[in-house]
Amino acid sequence: MQLKEKAPGIYYGWIVVFLTFLTLLVSAGIRSMPSILMLPFSTEFGWSRGSISGVISVGIFLYGLTGPFAAALLQKFGIRRVVVISLAVLAGSLAVTPLMTSLWQFEILWGLVSGLATGMMANVLGVTVSNQWFVHRRGLVVGLLTASAATGQLLFLPLLAKITVEFGWRYAIFTSVAALVIVMIVVAIWFRNHPHDVGLAPYGTDTIAPPVPFTGNIFLTPIKALLSALKNKTFWLLAGTFFFCGFSTNGLIGTHLIPACGDFGIPEVTAAGLLALMGLFDLVGTTLSGWLSDRYDNRKLLFIYYGLRGLSLMFLPYALDAGPTMLLIFSIFYGLDWIATVPPTVKLAAQEFGKENSGMIFGWIVVAHQVGASAAAYGAGVMRDWLGSYSTPFIIAGLVCLLAALMSMRIAKASTNLTVAGVSK
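This text gives an overview of the structure that appears in the document. (Residues numbered from 1 in each chain as written. Predicted model: local features only at pLDDT ≥ 70, side-chain atom pairs only at ≥ 80, totals over all residues. Heavy atoms only, no water.)

**Here we look at the overall build of the chain**
- Scanning the chain from terminus to terminus reveals 17 helices and zero strands.
- Relative to the globule expectation of 22 Å for 425 residues, the C-alpha radius of gyration of the chain, 21 Å, shows essentially globular dimensions.
- Counting only C-alpha atoms, the chain reaches 60 × 45 × 40 Å along its principal axes.
- Here the chain holds 425 residues, and the buried ones make up 59% of them.
- Once local pairs closer than 6 in sequence are excluded, the contacts in the chain between residues at least 24 apart make up 85%.
- Accessible surface, the chain: about 16600 Å² in total, of which carbon and sulfur atoms supply 69%.
- Separation between the mean location of the 25 positive side-chain charges and that of the 16 negative ones in the chain comes to 11 Å. (Helix = DSSP H or I, 4+ residues; strand = E, 2+ residues; numbered from the N terminus. Rg over C-alpha atoms; globule rule 2.2 N^0.38 Å. Buried < 20%, exposed > 50% of the residue type's maximum accessible area, 1.4 Å probe, protein only. Contact = heavy atoms within 4.5 Å. Areas by Shrake-Rupley, 256 points an atom, 1.4 Å probe, with all protein chains shown as cover. Lys, Arg positive; Asp, Glu negative; His and termini not counted. Charge placed at Lys NZ, Arg CZ, Asp CG, Glu CD.)

Encoded structure:
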């Protein structure tokens, strides 16, 4: 007898989306904490910004590298089990953090363990959930789940920054651990892996069928998917533009905006509020982007998003020097575009590689994103130590975004007559 777990009038997939949103929200909030911790760690431990940025860079890279293998693990063992274990590991690494005394311990806890654990709850999780539960409204769902990262900043950064300033960074860590434990319990109780588990068909269809079992090797299958995708020019264009996406968002602004504001005498809580404001507007922008990706040419959407982001980043050094009003304008404008690039990129990957392959392929595209983010996180910290300013990294990021805009328009031309090995267009 199949369990009917559908609230009256509510498709259970929307409950799963909400739980996934909650998981990604908390995970993203935790992942953004190093921007708050950079200054306190520099003061308490005497670590340079370049050294701290190096640890953050490793965590960002592993966060991305985990993606393709996370896609395989989610299919093999089920979403709920993998997410619960990941939340437990992340909570454990955070709980031990207040005991650290050396940089190598920070590297293990936040570079290695936190990077791998949050990587299991990255964009690939949202793509997997949307593919399992939805046929219609898939772009909207991806937009909502992608926006959860921004919402995590919106809710967590000002709160954690205030706790850090008033009570110390250790209490901010304890607050994060409590949030993780609550989410872990909620997911364990109410999350379901597939519509078939509750006797439903995917949203937009009437066919109730069990999920296709994962039969490949957890480690070899993602690598085979990558080798196949490497023959496709569209993959290179998507990965290349996403490299620049990571370079210009979480690697640069997500990591260094608060320290950059500190250089201009802007308090840490105020700077965290700016990131939170970006999160609020990105919640709108990315959700709207998901809606638009179901209706318009996704390549043109990427051209617009990258172009506007590049202009906003080139405006940032002026905004920092000009005062609160200009920074507010930057935060709103940049926030609308923070990760609006994700839904069109997901849609293009799904169209090119097919539903069954898109999770792992997109996972590798996310690796490129995180390599870019990792390079920016470390490079901007080192350049700040050398030059005494973040202006040069911000200008460089703006220029590469303009390059990404041009690359986006090449996707249409490159994908016209292409196939991937084993996948027909």
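**A closer look at the packing of aromatic side chains**
- Tallied over the full model, the rule gives 26 aromatic pairs.
- Ring centres of Phe 45 and Trp 47 lie 4.4 Å apart, and the angle between their planes is 15°; this geometry places the pair in the stacked category.
- Look at Trp 47 and you get buried, because its relative accessible area is 11%.
- Seen from their ring centres, Tyr 171 and Phe 174 are 6.1 Å apart, and the 85° between their planes marks the pair as edge-to-face. (Phe/Tyr/Trp six-rings, centres within 6.5 Å; stacked < 30°, edge-to-face > 60°.)

**Some points on helix H8 (residues 169–190)**
- When the terminal C-alpha atoms of H8 are compared, their 32 Å separation across 22 residues agrees well with the 32 Å that a helix rising 1.5 Å per residue should span.
- Regarding H8, the residues found buried are Trp 169, Ala 172, Ile 173, Ser 176, Val 177, Ala 179, Leu 180, Val 183, Val 186 and Val 187. (Expected span 1.5 Å × (residues − 1).)

**Comments concerning the side chain of Thr 255**
- Secondary-structure assignment places Thr 255 in helix H11 (residues 253–263).
- For Thr 255, a relative accessible area of 4% translates into the label buried.
- Sequence-distant contacts of Thr 255, defined by excluding residues within four places in its chain, comprise Ser 35, Met 38, Ile 56, Ile 60, Asn 250 and Ala 377.

**Structural notes on the packing of helix H1 (residues 12–31) against helix H6 (residues 123–133)**
- Where H1 contacts H6, the axes come no closer than 11 Å and their chain directions differ by 180°. When the interaxial angle is binned, H1 and H6 end up roughly antiparallel. Contacts between H1 and H6 involve Tyr 12, Gly 13, Val 16, Thr 20, Thr 23 and Leu 24 on the former and, on the latter, Leu 125, Gly 126, Val 129 and Trp 133.
- Of the residues that constitute the contact of H1 with H6, the class distribution is six nonpolar, four polar and no charged. (Axes fitted to C-alpha atoms, helices over the stretch in contact; angles between N-to-C directions. Parallel < 35°, antiparallel > 145°, perpendicular 65-115°, else oblique. Nonpolar A, V, L, I, M, F, W, Y, C, P; charged D, E, K, R; others polar.)

**Observations concerning helix H12 (residues 268–293)**
- Taking 1.5 Å as the rise per residue, H12 with 26 residues should run 38 Å; its terminal C-alpha atoms sit 36 Å apart, in good agreement.
- The largest bend along H12 reaches roughly 25° and is located at Asp 282. (Bend = angle between axes of the 7 residues up to and from the residue.)

**Regarding the pattern of salt bridges**
- All told, the structure shown has four salt bridges when counted by the stated rule.
- Asp 294 is the salt-bridge partner of Lys 347, the closest N and O atoms lying 3.1 Å from each other. Of this pair, Lys 347 sits in helix H15 (residues 342–353) while Asp 294 sits in the loop between H12 and helix H13 (298–322), and the two are 53 residues apart along the sequence. (Salt bridge = Lys/Arg side-chain N within 4 Å of Asp/Glu carboxyl O.)

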